[in-house]
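# Coordinates in review
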Amino acid sequence: MNFRTGDCLEANSWICAKFISTRQDQLLSALQEHVTLTVETVAIALAVSLPLAIAVRRGRQARGGLLGLATAVYSVPSLALFGLLVPITGLRPTTVLVGLVLYSLTILIRNVLAGLDSVPAEVVEAARGMGMGRLRILLQVELPLATPSIFAGLRVATVSTVALATIGYLIGEGGLGNLIHEGLTNYFKAEVLTASVLCVLLAIGLDAVLVGLQFLLTPWARRGSRSR
Amino acid sequence: MSSLRGVINWLTDGAHWRGSDGVVVRSLQHVELSALALAIVVLVSLPIALWLGHVKRGGFLAVNVTNIGRAVPTFAVLTLLALTSLGISNRSVVLALVLFGIPPVLTNAYVGVREVDPQVVEAARGMGMTGFQQLRQVELPLAVPLVLNGIRLAAVQIVATMTIAALVSGPGLGRIIQEGFATQNKPELEAGALLVVVLALCVEGVFAWLQRVVDPVRRARRGGHSHDDGSPQPALGDAASVVGANQHNQA
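Residues numbered from 1 in each chain as written. Chains lettered and ligands numbered in written order. Predicted model: local features only at pLDDT ≥ 70, side-chain atom pairs only at ≥ 80, totals over all residues.

With that settled, the discussion passes to the overall build of chain B. Scanning chain B from terminus to terminus reveals 11 helices and zero strands. Secondary structure elements in chain B, listed N-terminal to C-terminal, are α-α-α-α-α-α-α-α-α-α-α. Per-residue burial for chain B yields a buried fraction of 48% across its 251 residues. Within chain B, contacts between residues at least 6 apart in sequence are counted, and of these 76% link residues at least 24 apart. (Helix = DSSP H or I, 4+ residues; strand = E, 2+ residues; numbered from the N terminus. Buried ≥ 20, exposed ≤ 12 C-beta atoms within 10 Å, placed from the backbone. Contact = placed C-beta atoms within 7 Å.)

And the structure:
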């Protein structure tokens, strides 16, 4: 089937070191594409969700509407969401990015709102009593205290994005998903398993990076680990 | 918009609805296999989760299974299945659906039972209830919102995974989208996407309604204040706030 030499390649084994060494460049570039897509997605989603959540948090109706919309979008299967975006963004890699951003948004908006809600009213009151303005309270009191919840959302969004991005291969932007699909069409087991395992490792790795980042950003939370 | 007209034309063409690869057959496949998988998920994971929550053990497993389920791409699992000797059949697709449906049910039901106010459980024990009675009559009713939330999330996940199954030549509505992508036939892929969205929103709607109707705590509150005579009213408030705290993390 394959014009490659070597035992495990000829035998079409699931685990094949020779595959990894001969296709190293391809694996690395797919991994890199996957990382770039994920980081872009989560960064854009965070940049959109923060102002959006801050804008709607006081308005009961706007907030309810936005959360309802988020639930609806979240319930749409990824394949269908990409399909619905095609008339708007075309059969281009942008479609994958926009779709992934939408999913991350539904997760992040919830967590940013929950984080802002969790700030005790007394703390805000005290900040006001110290003469802080609204913007300063937001930037120096509320957002820092909302950090744990926001990071919880970032972690879920990142891990989900890594997994969802694989089907981006349909529009030529799937990162490791391109390899999984290629392995499927060629009935090449080592390629599918290696790319799948890399996907899971990438998700775990990025999750660990976020845990570390949160540790660095919230020095006050280090003494006792609170449930939030 | 020309693309809208294309979609309408595709959807109103009767030929697309009939036959073994028509919309009707594909929809039925989608709904039947999803419902079967959800039933298996609930039967398998609910008893385990409720029991673990009752004895307050295995929390690490119950919570982490959701994180693992999230990190593993459904497309990868379906592709791996397709390359094993099982191949892609109705049976192996249901297996994949079950694997991805278990985590939300397990985690939510576990958290729901574990987070019931210990004082309420203590009171139940004081009344002479056995462990099973405590679970059945006190913990489970208070955990219903989270249990249902888990089942809803599992249903959403299963319907989505079922759609992805089309990418490995599996059954279901996703096939219409997949064919549309494969042949760059935009009306077909958009029509398929629309059908899947309608199905997904129906599932979401049914569960949102169920959550409102079934919750015994909410029902008890609505049906006159018969609980004002010192039964576990404050605890109900606590359980409700726990539910609120947990819901956003499940996204």
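Moving on from the model shown.
When helices and strands are tallied, chain A shows 10 helices and zero strands. Secondary structure elements in chain A, listed N-terminal to C-terminal, are α-α-α-α-α-α-α-α-α-α. Viewed in the frame of its principal axes, chain A has a C-alpha envelope of about 75 × 45 × 25 Å. Split into buried and exposed, the 228 residues of chain A put 43% on the buried side. Considering only intrachain contacts with a sequence separation of at least 6, the fraction spanning at least 24 residues in chain A is 72%.

A few words on the interface of chain A and chain B. Listed by partner, the interface residues are 39 residues for chain A and 36 residues for chain B. Among the elements that take part in the side of chain A that touches chain B, helix α10 (residues 189-217) of chain A stands out by supplying eight residues, more than any other. Split into classes, the residues belonging to the side of chain A that touches chain B amount to 27 nonpolar, 10 polar and two charged. (Nonpolar A, V, L, I, M, F, W, Y, C, P; charged D, E, K, R; others polar.)

Here we take up the confidence of the model for chain B. Residue and element names in this part refer to chain B. Per-chain confidence: chain B averages 85 in pLDDT, with 88% of residues scoring 70 or above. Mean pLDDT values over the elements of chain B span from 34, in helix α11 (residues 233-250), up to 95, in helix α2 (residues 23-55). The ipTM assigned to the predicted complex is 0.88, against a pTM of 0.85. (pLDDT = per-residue confidence, 0-100.)

Here we take up helix α4 (residues 60-75) of chain A. For α4 of chain A, which comprises 16 residues, the first-to-last C-alpha distance of 23 Å matches the rise-based estimate of 22 Å (1.5 Å per residue) to within 8%. Buried positions along α4 of chain A lie against α3 (24-56) and α6 (93-117) of chain A together with α7 (131-164) and α9 (186-214) of chain B. (Expected span 1.5 Å × (residues − 1).)

Before going further, it helps to spend a moment on the nonpolar core. A general feature of soluble globular proteins is that nonpolar side chains tend to end up buried together. Residue and element names in this part refer to chain B. Judged by nonpolar contacts, the single largest core of 134 residues is most densely connected at Leu97 and Ala109. Element by element, the count of residues in this core is highest for α7, at 19 residues. Once you skip the residues sitting within four places of it in the chain, Leu97 turns out to touch Leu33, Ser34, Ala37, Ile158, Thr161 and Met162. (Core = buried A, V, L, I, M, F, W, Y, C linked by C-beta atoms within 7 Å.)

Of all residues in chain A, 95% have pLDDT values of 70 or greater, and the mean over the chain is 91. Helix α1 (residues 7-10) of chain A is the least confidently modelled element of chain A, averaging 82 in pLDDT, while α3 of chain A averages 96, the highest of any element.

Let's shift gears to the packing of helix α3 (residues 59-71) of chain B against helix α5 (residues 90-114) of chain B. Residue and element names in this part refer to chain B. In the contact formed by α3 and α5, the axes pass within 8 Å of each other and the chain directions differ by 145 degrees. In this structure, α3 crosses over α5, and the sense of that crossing is left-handed. Facing Gly59, Ala62, Val63, Val65, Thr66 and Gly69 of α3, the residues of α5 in contact are Phe100, Pro103, Pro104, Leu106, Thr107, Tyr110 and Arg114. (Axes fitted to C-alpha atoms, helices over the stretch in contact; angles between N-to-C directions. Left-handed = near helix turned anticlockwise from the far one by under 90°.)

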